[in-house]
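Tertiary structure, described
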Amino acid sequence: MSLSINEKSYAVESRYSNFYSGGDVAWSRDGNWIFCLNGSEITKVDLETGLLNRSYGLNFNESGEKVVSGKDEEDDDAIYCFDVSFNQEFMVTVHQSSLLRLWHLPTGKIEKLWKSQHKGPVVKVTFSSDAKLVCTSGADSTLKTWDYENSRCVCALKDFTGPSLLIKFHPCSGRTEIFAAGADNVIYKWDYVKKTMEAKMKGHLSQVTDIDFSDSSSDCENLISVGRDKVVIVWNLANGKQVKVIPLYEEIVGAFYIDAQNAVVAGLKGNIKEINCTTGKISSLLECQEEEYEIKTLLHNRSTQQLAVVTNDQNILIFGIKPALKAVKQLIGFNDEILDICFVGESEQFLAVATNSKHIKLYDIENHMNCSIIMGHKDTVMTLSSPGSSNLLLSAGKDFSIFLWTLDKVSGSLKCLTKNLSSHTATIGCISFGFNCSTLFASVCQSGSMKIWSLNLKPKQQSHQFSVKCAVVAHDKEVNSVTFSPNNKVIATASQDKTAKLWSADNHSIIGTLRGHTRGVWSVRFSPTDQIILTTSSDCSLRLWSLTNLSCLKRLEQTSTVLRAEFIDHGKYILSSGSDGLLKLWNIKTNACIQTLDEHEDRVWSLAVSARTQKYFFSAAADSKIIKWKDVTEEYKNSEIDKRQAEVLQEQSLQTLLHENKNLKKAFNLALKLGKPRVTYNILNQFIQKRDHETVANLILQLSDDRKNILLDHVKVWSCNARYSQVSNVVLQQLLNEMIVEPSLQRSLNAKNLVEVVTPYVQRHFKRVTELSKELHFLDFIVQNI
């Protein structure tokens, strides 16, 4: 049995994309999920794996899958804020249209929809502790409390200076109090049942950023508040008076009680401290480096005894509180345009990513893509390089600097060994180690120059230095790529001047120039096994060149700029990426594109192919997505074999049923499933010849929409031949009758296409039958008059 199966095939194993664009963040009570605001959707992220579990929004169905509505993105009803109930059953979202939507989290259904009734946008929303009420804060300086089950507004609170970006219900469900921080830096306390102002707590001199209660019982005594005036205030809830004022000398953005006496506060610059609210003693839990990150929100999960820090650059850092503050997980909520990626580590455990930022992101592949942010560069990092099976990493970019890093396996981070701050006079666009060599590398920049460096590694003396071996003006325009041959004897460069050049690594002289591309050349690669070299260009082509005579051997065409290409499977195949977001897999021997991978939505700048196993690779693009692809060739072949075997068994069953002329209904379904129009025709024709149209109608009626679509395809085939027109018209009549009764069936069966295809043949058959009827009537007339 011959198989028509691709010799090589890849499929998506996992996707890592943006899930947080700024705004509200909520943490599930069990600590397993993080809910984030991402434009016009709310994303649910698995905290353990860092993967997006599902999305909630108007553009998503109940299964969390995105639905193409045909509307422009600006027509989406953007979400301003949201909150998740304590019991994790409901979520409320506030939209640009001033509508509030109540979502049932397990099913993804919208349970309630109502108008906010605020004179302006809603800036904050929160659930009560028992999840029966929702409170909204509007830009019109009012608070509204909603009983969503009965679709009514319980009260409207207006006597304060707003709007309030901070509102909280008392954590005890038996208490009927709402707390809000006004624009006048006063904390207001209301009783929403009595609709009265209970207290005004004055003490802060600038914006109040967070409040928390000492416990969740009805006898809760104290409230802690922090603000940008750099002080922590402990309040007595009974009388609204200050109990203690603790200065911290830095802006505080978050606070929570860890027990009745102690609280944890987070400063704007990333410092986390523990405070004894009775004695005022301060102890530091985490001291951040200068300009490391700024904290936007502090979250606390009592079930897991963890805290989450949300930074201004959309990163979420998870820490364990006891016995000591320790980093547990770091999630990257938003990656900008991804410019380059490469494996790091002897076992390729880590993936280094350059994301149009001055920081490098280091993902732990084997630990659910836990991420570390590596700081050191002063401007955007453009390029990364690591020698095969090594713990070293080179980085360079717009600050004209080259940094050498080594992997710290214990912390899962990078340590800077040395740096050269004056390596080039323009942006460094590409840097590359020698092939499986950690003592030699080359760098190229936008000015057209290339430098070859030697790296002196002395681990025992902790001395790591690199010096310039050679500096040349390689091209007239920006150089996009540089790479070494497998024996490190030849260096290749690719440039926007439409050429690629080969250089001797020993005497640094030019060996030859590859001419033929009509636009800029983006990348150049040596084959790991053959004497050929690969180039990609903006002229939408890949070219294979002979290293012997520098002639062009083959040209492969794509429909867009080819930005990157890599040899895979020991040089048998080529993997290329384009500006249209498509990845293509090429067979070098046949020049054929054997697979197109369509998962990215923008330019795919970088590919990282596993040199250790050759079984998977990563792709990264301007759409901020990192996708891991796995080799499924064997799985696909096995599944195809199983599928063919199942089809053979079904065909044998069909032949048995037809031979014994029994259970024709089952045979009819099998014939449709196997796509056999001739067998389908014969079964229906048996009933039509017996004038048993009722059985035909029942056979068609019990079919699913998918099977009816297959039957329609068969009807189109039968309509082309007058010999089969009778069966075709009977089936067509039955299907059209069903479409009239159920208009929704017209869309599922693509009625418009059916009419366009079948109408000319039906008209021809009708004309033929009409002429035949006339002739029969004429013969009948002659016979009667003889």
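Residues numbered from 1 in each chain as written. Predicted model: local features only at pLDDT ≥ 70, side-chain atom pairs only at ≥ 80, totals over all residues. Heavy atoms only, no water.

According to UniProt, the comment filed for the protein under the heading Subcellular location (unreviewed entry) is "Nucleus, Nucleolus". (UniProt positions renumbered as here; feature names shortened; annotations may be inferred.)

On to the side chain of S385, then. Along the polypeptide, S385 turns up in strand β34 (residues 381-385). Here S385 falls in the buried class, since its relative accessible area comes to 8%. One polar contact links the side chain of S385 to the main-chain amide nitrogen of F433, over a distance of 3.0 Å. Ignoring any residue separated from it by four or fewer positions in sequence, one finds S385 in contact with C342, L392, L393, L394, I431, S432 and F433. (Helix = DSSP H or I, 4+ residues; strand = E, 2+ residues; numbered from the N terminus. Buried < 20%, exposed > 50% of the residue type's maximum accessible area, 1.4 Å probe, protein only. Polar contact = N/O pair within 3.5 Å; in protein donor to acceptor, adjacent residues only side chain to side chain. Contact = heavy atoms within 4.5 Å.)

A few words now on the pattern of salt bridges. All told, the structure shown has 21 salt bridges when counted by the stated rule. Residue R101 is joined to D77 by a salt bridge in which the shortest nitrogen-to-oxygen separation is 3.4 Å. One end of the pair, R101, is in strand β8 (residues 99-104); the other, D77, is in the loop between β5 (52-57) and β6 (79-84), with 24 residues separating them in the sequence. For the residue pair R101 and D77, the accessibility class agrees, reading buried in each case. (Salt bridge = Lys/Arg side-chain N within 4 Å of Asp/Glu carboxyl O.)

Let us look at the packing of helix α3 (residues 677-689) against helix α5 (residues 705-719). Between α3 and α5, whose axes approach to 10 Å, the crossing angle comes to 85°. The pairing of α3 with α5 is recorded here as roughly perpendicular in orientation. Contacts between α3 and α5 pair P677, T680, Y681 and L684 from the former with L711, H714 and W718 from the latter. Of the residues assigned to the contact of α3 with α5, the class counts are five nonpolar, two polar and no charged. (Axes fitted to C-alpha atoms, helices over the stretch in contact; angles between N-to-C directions. Parallel < 35°, antiparallel > 145°, perpendicular 65-115°, else oblique. Nonpolar A, V, L, I, M, F, W, Y, C, P; charged D, E, K, R; others polar.)

This brings us to α5. Over its 15 residues, α5 extends 21 Å from the first C-alpha to the last, a length consistent with the 21 Å expected when each residue adds 1.5 Å. Regarding α5, the residues found buried are K708, L711, L712, H714, V715, K716, W718 and S719. (Expected span 1.5 Å × (residues − 1).)

We now examine the packing of aromatic side chains. The tally for this structure, following the rule as stated, stands at 20 aromatic pairs. With a centroid separation of 5.6 Å and an interplanar angle of 15°, the aromatic rings of F403 and W405 are classed as stacked. Like F403, the residue W405 is buried in the burial classification. A ring pair is formed by F433 and F441, whose centres lie 6.0 Å apart and whose planes are at 65°; its orientation type is edge-to-face. Site record: aromatic cluster; members linked through ring pairs are F433, F441, W453 and F466. The positively charged end of R29 is found above the aromatic ring belonging to F86, 5.0 Å away from the centroid. (Phe/Tyr/Trp six-rings, centres within 6.5 Å; stacked < 30°, edge-to-face > 60°. Lys NZ or Arg CZ within 6 Å of the ring centre and 35° of its normal.)

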